[in-house]
Structure formats: structure tokens, C-alpha cells
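An overview of the molecular structure
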Amino acid sequence: MFSRLRISRYAQSQKHQRNSKKSVIEKQQSNYSQTIMTSLTLDGLKICCIGAGYVGGPTMAVLASHCPTVRVCVVDLSQPRIDAWNSDRLPIYEPGLKDVVEKCRGKNLFFSTDIEPEIAAADVIFVAVNTPTKTYGIGAGSASNVKNIELCARTIAKVSKHSKIIVEKSTVPVQTASAMKRVLAANSEFCKFQVLSNPEFLAEGTAIRDLEDPSRVLIGGDQDEDGQRAMRLLVEVYAQWIPRENIITTNVWSSELSKLVANAYLAQRISSINSISALCEATKADVDEVARAVGTDRRIGKAFLRSSVGFGGSCFQKDILNLVYLCESFGLQEVADYWRSVVTMNDWQKKRFAQKMIRTMFNSVSGKKIAVFGFAFKKDTGDTRETAAAYVSKYLLEERAQLSVYDPQVTKEEMFMEFKYTLNLTEDTLPGLSNLIKLEDNYLDAVKGAHAIAIMTEWDCFKEYDYQKIYDVMTKPAFIFDGRNILDHQKLIDIGFEVKAIGKVYEQ
Ligand code: UDX
Ligand code: UDX
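A short tour of the structure in this document, coming up.

Rules and cut-offs
- Think of each chain on its own: its residues are numbered from 1, step by step along the sequence as written.
- Chains carry letters and ligands carry numbers; both start at the beginning, A for chains and 1 for ligands, and go up in the order they are written.
- This being a predicted model, a pLDDT of at least 70 is required before a residue's local features are given, and a value of 80 or more before pairs of side-chain atoms are given or counted; all residues contribute to the totals for chains, interfaces and linings.
- Computation of side-chain values: all heavy atoms of the structure, hydrogens and water removed.
- Criterion for a salt bridge: a side-chain nitrogen of Lys or Arg within 4 Å of a carboxyl oxygen of Asp or Glu.
- Each helix corresponds to a stretch of at least 4 residues labelled H or I by DSSP, and each strand to a stretch of at least 2 residues labelled E; elements are numbered beginning at the N terminus.
- Expected helix span is given by 1.5 Å per residue-to-residue step, counting one fewer step than there are residues.
- To sort residues, take the accessible area from a 1.4 Å probe on protein chains only and compare it with the maximum for the residue type: under 20% means buried, over 50% means exposed, and anything in between is partly exposed.
- Whether two strands pair comes down to DSSP finding at least two bridges between them.
- Only the stretch in contact is used when a helix axis is fitted, and all axes are lines through C-alpha atoms; the angle between N-to-C directions ranges over 0 to 180 degrees.
- The contact rule is simple, with two residues in contact once any of their heavy atoms fall within 4.5 Å.
- Under this scheme an angle from 65 to 115 degrees is roughly perpendicular, one under 35 degrees roughly parallel, and one over 145 degrees roughly antiparallel; angles in between are oblique.
- Two helices cross in a left-handed way if the nearer one is turned anticlockwise from the farther one by less than a right angle. They cross in a right-handed way if the turn is clockwise.
- All amino acids are sorted into three groups, where Ala, Val, Leu, Ile, Met, Phe, Trp, Tyr, Cys and Pro are nonpolar, Asp, Glu, Lys and Arg are charged, and the leftover types, Gly among them, are polar.
- Ring geometry is summarised as follows: Phe, Tyr and Trp rings, the Trp one being its six-membered ring, pair when their centres sit within 6.5 Å, and such pairs are stacked at plane angles under 30 degrees, edge-to-face over 60 and tilted between the two.
- Charge over a ring is defined by NZ of Lys or CZ of Arg lying within 6 Å of the ring centre and within 35 degrees of the ring normal.
- The criterion is simple. A nonpolar core is a set of buried Ala, Val, Leu, Ile, Met, Phe, Trp, Tyr and Cys residues joined through side-chain atoms within 4.5 Å.
- Here the term patch refers to residues with relative accessible area over 30% and no salt bridge, with like charges joined within 9 Å and nonpolar side chains (Val, Leu, Ile, Met, Phe, Trp, Tyr) within 5 Å.
- Surface accessibility follows the Shrake-Rupley procedure with a 1.4 Å probe radius. Residue values consider only the protein chains on display as shielding.
- We call a crossover right-handed when, viewed with both strands directed away from the observer, the connection leading from the first strand over the helix to the second proceeds clockwise.

**Quick look at the pattern of salt bridges**
Oppositely charged side chains are able to pair whenever their charged atoms sit close together. Counted according to the given criterion, the structure contains 27 salt bridges. A salt bridge links aspartate 297 to arginine 299; the shortest N-O distance between them is 2.9 Å. Arginine 306 is the salt-bridge partner of glutamate 458, the closest N and O atoms lying 4.0 Å from each other. Within this pair, whereas glutamate 458 is found in the loop between strand E12 (452–455) and helix H18 (461–464), its partner arginine 306 is found in the loop between helix H11 (287–295) and helix H12 (316–329), the two being separated by 152 residues in sequence. Connected via shared salt-bridge partners are Lys192, Glu225, Asp226, Arg229 and Arg232.

**Structural notes on H12**
Helix length check: H12, at 14 residues, gives a terminal C-alpha distance of 20 Å against a target of 20 Å (1.5 Å per residue), a fit within 8%. A large share of H12 lies buried, amounting to 11 of its 14 residues. All of the buried residues in H12 are Phe316, Gln317, Lys318, Asp319, Ile320, Leu321, Asn322, Leu323, Val324, Leu326 and Cys327. The first or second residue beyond H12 is glycine 331, which carries a positive phi of 75°.

**So, the sheet that holds strand E11 (residues 437–439)**
Across the sheet, six strands lie side by side as E11-E10-E9-E12-E13-E14; this open sheet has parallel pairing. Edge positions in the sheet fall to E11 and strand E14 (498–501), since each of these pairs with one other strand and no more. In this sheet, neighbouring strand axes are inclined to one another by 20° on average, regardless of whether the strands run parallel or antiparallel. Alignment of E12 against strand E13 (residues 479–482), held across four bridges, turns out to be parallel. Among the inter-strand pairings, alanine 454 is bridged to a residue of E13, identified as phenylalanine 481. Seen against the sheet, helix H13 (residues 333–360) touches strand E9 (369–373), E12, E13 and E14 and runs at an angle of roughly 165° to E13.

**Here we look at the packing of helix H2 (residues 56–66) against helix H4 (residues 97–104)**
For the pair H2 and H4, the least separation of the axes is 9 Å and the interaxial angle reads 50°. Overall, the two elements H2 and H4 adopt an arrangement that is oblique. Taken as a pair, H2 and H4 cross one another with a handedness that is left-handed. Residue-level inspection shows Pro58, Ala61, Val62, Ala64 and Ser65 of H2 in contact with H4, the latter providing Leu97, Val100, Val101, Lys103 and Cys104. Of the residues in the contact of H2 with H4, the class split is eight nonpolar, one polar and one charged.

**Notes on helix H6 (residues 147–159)**
Between its terminal C-alpha atoms H6 stretches 19 Å, which fits the 18 Å expected from 13 residues at 1.5 Å a residue. Those residues of H6 lying buried are Ile149, Cys152, Ala153, Ile156, Ala157 and Val159. Close packing links the buried residues of H6 with strand E1 (46–50), helix H5 (115–121), strand E4 (124–127), strand E5 (164–168), helix H7 (176–186) and strand E6 (193–197).

**Considering the packing of aromatic side chains**
Scanning the entire structure with this criterion turns up 18 aromatic pairs. Taken together, the aromatic side chains of Phe373, Tyr443, Phe462, Tyr465, Tyr467, Tyr471 and Phe497 make up a single cluster linked through ring pairs. For arginine 216, the ring lying beneath its charged end belongs to phenylalanine 201, and the centroid distance is 3.6 Å. Directly above the aromatic system of tryptophan 348 lies the positively charged group of arginine 352, at a separation of 5.3 Å from the ring centroid.

**Describing the environment of isoleucine 370**
The topology assignment puts isoleucine 370 in strand E9. The spacing of isoleucine 370 and isoleucine 437 is 67 residues in sequence and 9.6 Å in space, taken between C-alpha atoms. Not counting residues up to four positions away in its chain, the partners in contact with isoleucine 370 are Met357, Met361, Val365, Leu396, Ala401, Gln402, Leu403, Ser404 and Ala452.

**What to know about the pairing of E1**
Within E1, four of the five residues are buried, which leaves it mostly tucked inside the rest of the structure. Here E1 pairs with strand E2 (residues 71–75) via five bridges, running parallel. Each bridged residue has a counterpart across the sheet, and for isoleucine 47 the counterpart in E2 is valine 72. Inspection of the sheet shows E1 paired to E4 by four bridges, in the parallel sense. If you follow cysteine 48 over to E4, its bridge partner there is isoleucine 125.

**Considerations on the nonpolar core**
Counting 61 residues, the largest nonpolar core has Phe373, Ile453, Tyr467 and Phe497 as its most contacted members. In terms of residues, this core owes the most to one element, helix H14 (residues 388–398), which gives seven residues. Aside from chain neighbours lying at most four places away, what touches phenylalanine 373 is Tyr406, Tyr443, Val447, Ile453, Ala454, Ile455, Met456, Thr457, Phe462, Tyr465 and Tyr467. One finds Leu109, Met231, Leu234 and Trp241 within the second-largest nonpolar core, a separate group that totals 48 residues.

**Here we look at a nonpolar patch on the surface**
A cluster of nonpolar side chains, contributed by Phe330, Leu332 and Val335, occupies part of the molecular surface with about 280 Å² of accessible area. As for its position among the elements, leucine 332 is in the loop between H12 and H13. Residue classification places leucine 332 among the partly exposed residues on the basis of a relative accessible area of 43%.

**So, the pairing of E9**
Put simply, side chains in a regular strand alternate between the two faces of the sheet. With five of its five residues buried, E9 lies for the most part within the structure. Covered by surrounding structure in E9 are Lys369, Ala371 and Phe373 together with Ile370 and Val372, the residues of both alternating faces. Direction of pairing for E9 relative to strand E10 (residues 402–406): parallel, over a ladder of five bridges. Opposite phenylalanine 373, over in E10, you have tyrosine 406 as the bridge partner. At this point the chain moves from E9, through H14, to the parallel E10, and the crossover so formed is right-handed. Across four bridges, E9 lies against E12 in parallel orientation. Paired with phenylalanine 373 across the strands is isoleucine 455, a residue of E12.

On their own, these measurements won't tell you what the molecule is for.
Structure below.
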């Protein structure tokens, strides 16, 4: 009994000591956090961005150019990527990017692989690492892999010696900020972290324009005093070049969800018009005329009504599948099915295009040379992630077509990487692959002797080619499959081409 009492007293006193120690730490933390938060201004602010990709690189370059008193350092695990950012040949192609980078690089913009020291020194850390769709385990095929985000949080907690604001830039599942906050809190005794959500809405090819003059900037944060203070600082950063009325602040979850919903809405518009393109081909209506007639209703609007061979890019499909996963995890199966159908329609559009090519070319493309114009997922970028061109090519390659691809920006390595990682198309899965597909240096080599041209990307240069000259060197009948409806079809028909477009039918 006595010893039990002693133990209990001992335990109580230990508990008391622990509590008072905890309260000292909490007090220190809170004092420290208040000092850091209140003392932060743009003068001498240190920003570090983890992830020097399509999002991190351009976003930080534009930020640095408008905030000369802020030191910005973009860090990445990949040495070749950082070397490229520090060279004359940047790792990504984006109109206007080089000028912005050259203006600030070495002054207040730096690129480095010294990840830990840069994180330790920073006051604000943007997290812009990739969050691809999971390929294994729970949620495989739809949930986002947030492993990279968690690793960032653990590294930040490990190396931080002072409190920081963490800004979630990567598109993430809803509630990732709160998971990050827990990982940070559990691994750091003295520092306090505010986690903000600040999703990126830039589109590739127009990234600099979108960053310079965005429709809006969205910042989500905690509603308590510290959260508000952190949000105010980030608003201050963006207000250096963006009107304050275009900077929206919300709670964290609304901000995270808004990003997914914005992309889902945009993609849904494309799938909607693409579904109508099939109906147009059946009824002989013209999808461009329908889109124009519908889009001039101010309530509907004209944007994102261009029917195509299918949307691509690293975001649309991934974000919709993320939304689907989220709905399913909350038992909202009907909502999940509704959004999943946007992806199903997109898959069907790509397949339908390839099947139409095969059917038109007398049900056999085996051994026939086909020129593929464009491999990037859209014009003005060299990005091939989720590009419709890869899916269409896969269908044609499986039929043993001989593909000659020409794209002004895409490299052979990127093309094969996309085949491998997105479509599992390799020499192992399709023996002879490297002999079946070639990336040409110029379009004339691609069309020489070809039976058909397939327009996969809407590059402006494709509109300017001399199609009479092209027709003359092709095998007859010469087909053009315009997957972007960008060419002058009547002119091509007059030259002698047989033209198949999206959502329109020509009597030939
Ligand atoms: C990525 C996501 O794809 C997108 O969903 C999100 O909104 C923002 O981040 P992006 O910049 O296009 O967009 O990705 P990517 O070009 O792949 O760049 C990510 C970079 O992060 C890569 O250079 C990679 O090396 C780097 N990285 C990844 C790290 O430095 N550390 C990591 O732990 C993981
Ligand atoms: C998209 C969002 O627009 C951007 O806000 C977000 O931050 C990232 O995802 P991005 O993928 O770079 O940007 O390009 P976007 O211009 O949206 O095009 C996506 C795909 O849709 C491309 O393959 C494009 O060719 C296709 N598309 C677009 C159509 O097929 N028809 C259209 O009318 C518009």
C-alpha cells in the first residue's frame, strides 16, 4: 500500500514536472512563434521552394522579380535539374521564362541542391514537389501519392531551428495541410509551423502570363490569430504585383478543395464538348459551330470549349481522380461516379480517334508510315505528361503502324519516358517498339512516304506548312486526321487530302 502510494506520489510529481516543463516549452514556442510571425516583413524575408519543376521554377522566378528585397532559393533533389536552372538552357520551355530568370538569378533568385541548409535558413517554405497518382496499395489509380509531401514535412521539422510558414503549392488531397501540421508538430520541439494552402492555377505554355496577371490568388489558412498573421504575410508578398481584391483568403480545406474543383470543372467542359463531337460526327453537325453558338451565352462562356483528341497534362486527370477518391472515402459514390465519367469520356475520345484512323485507312495500319504532328500535351510546352498523343500512338503501335513523330519541343527521352511510366509501353511489353517509332528533327522527314498525318498538338507552326509540298511526297490516298481542328480543311481537300476532323464530317 505504502509503496503504491509512494509510486503514485512519485508519478504525480513527475507528471507535475513534465507539465510545468511542457508549459515552459509551450510558452517559449508561443513567444518565439509570435516574435517570428510579427517580426516578419518583406525586407530580408527568406523564401525557400522545395521542387524546381514546372510549378516551383516559374512561380519563384516571377515572385523574385516582383520582390527584390526577398531572397528566394529553389531547391531540388535532382542535380541535373538544378544545373539546368543555373545554365542557359533551362530545364523547361515556357515563353518569357528565360527573361525573368536571367533578370533575378544570382541577385535574389538562386537554385540549389543544398536542401537542408536552405530549408533551415528560410522563413517561408513553399512545397512544390510532385504528387503523382498512386500506383500501388489503397487508392491505387486514383488517390494522390503524398509521400513526397510528408518527406518534405519531416525534413523541415528535422532541420528547422526557428518557426516557419509552410506553403502548400503542390495540388494535394483535401486535409493534407492538417496532416503536414501534425507531422511537423510531432517532430519539432521548439519551432511552430503555420501551414497555408496556396494552390497554383498556372497553365503550361502561358505560365508567366498567368503568374504575372492571375484571375485570382487563393490563400487558405487557419482561422486563429497565428493563421491570420501568416496569411497576411503571404498576401503582402503577392500584393507586390497583384491587386488585393484578386487575392482571396479562405480556410485551408476550402482552398485545397477549390484547386481540385477548378481543374475538374475545366476538364469537365472539355469532356462535355468532346462527347458532343461524337454526336456531331453522327448527325453531320459541326462541333466548332455548336461550341460557338453555346459559348456566346455569357452564362456559359467561350473558354475551354475546344473539342480535341482529349485533354492531357499532369493535372486534370490526376486531380479529378483525387476528387473521385475523396468522394468515395466519404461514401459519396454518386458524386464520385459523376466526376469519374469526365475521365472515362476523355479515355474514350482518345481511343475513338485512334480507331477512326485505323478504320479509315482500310482497317489496317500495319507497316504503314504515319506522321504524328505534335507529342506535347498542348502547344508552347515540351511537357508530355498524360499527353493524348501517347495514348493514340500506343493504339497505332499495337497495330504495328510505323510512326514518325515531329514536335518542336519534345525530346526522344521524354517521349519514351512517357510511354514507359504512363502507359507501360516498353521493348518488353511491345517488342520492336524502338523500330516502330521515330522522333524526327523536321516535319518533312516525318511526312515523306507517309500514308497519313495525325495532328496531336495545336502548335501554330503546323498551320503554316506548305501542304501542297507535303501532299506531293506522301503515299496516296493521303489522309489528314486533325485531332485539334486547327488546319484549313477546305484548302486541304482542294489539294487532294482526305480529311477527318473532330466533330465534323466532310463529303469527299
Ligand atoms: C508538381 C505536381 O505535379 C503538381 O500536381 C503540383 O501542383 C505541383 O508540383 P510540377 O512542378 O509540374 O508540379 O512537377 P515536376 O516538374 O515533377 O517537379 C517536381 C520537382 O520536385 C522535381 O524536380 C523533383 O525532383 C522535385 N522533388 C520531388 C524534390 O525536390 N524533393 C522531393 O522529395 C520530391
Ligand atoms: C491546367 C489548368 O488550366 C491550370 O489552371 C492548373 O493549374 C493546371 O492544369 P494545364 O494542364 O497546364 O493547366 O493546361 P490547360 O491549358 O488547362 O490544358 C489542359 C489540356 O486540355 C491540354 O491537353 C489542352 O490541349 C486541353 N484542352 C484545353 C482542350 O482539349 N480543349 C480546350 O478547350 C482547352
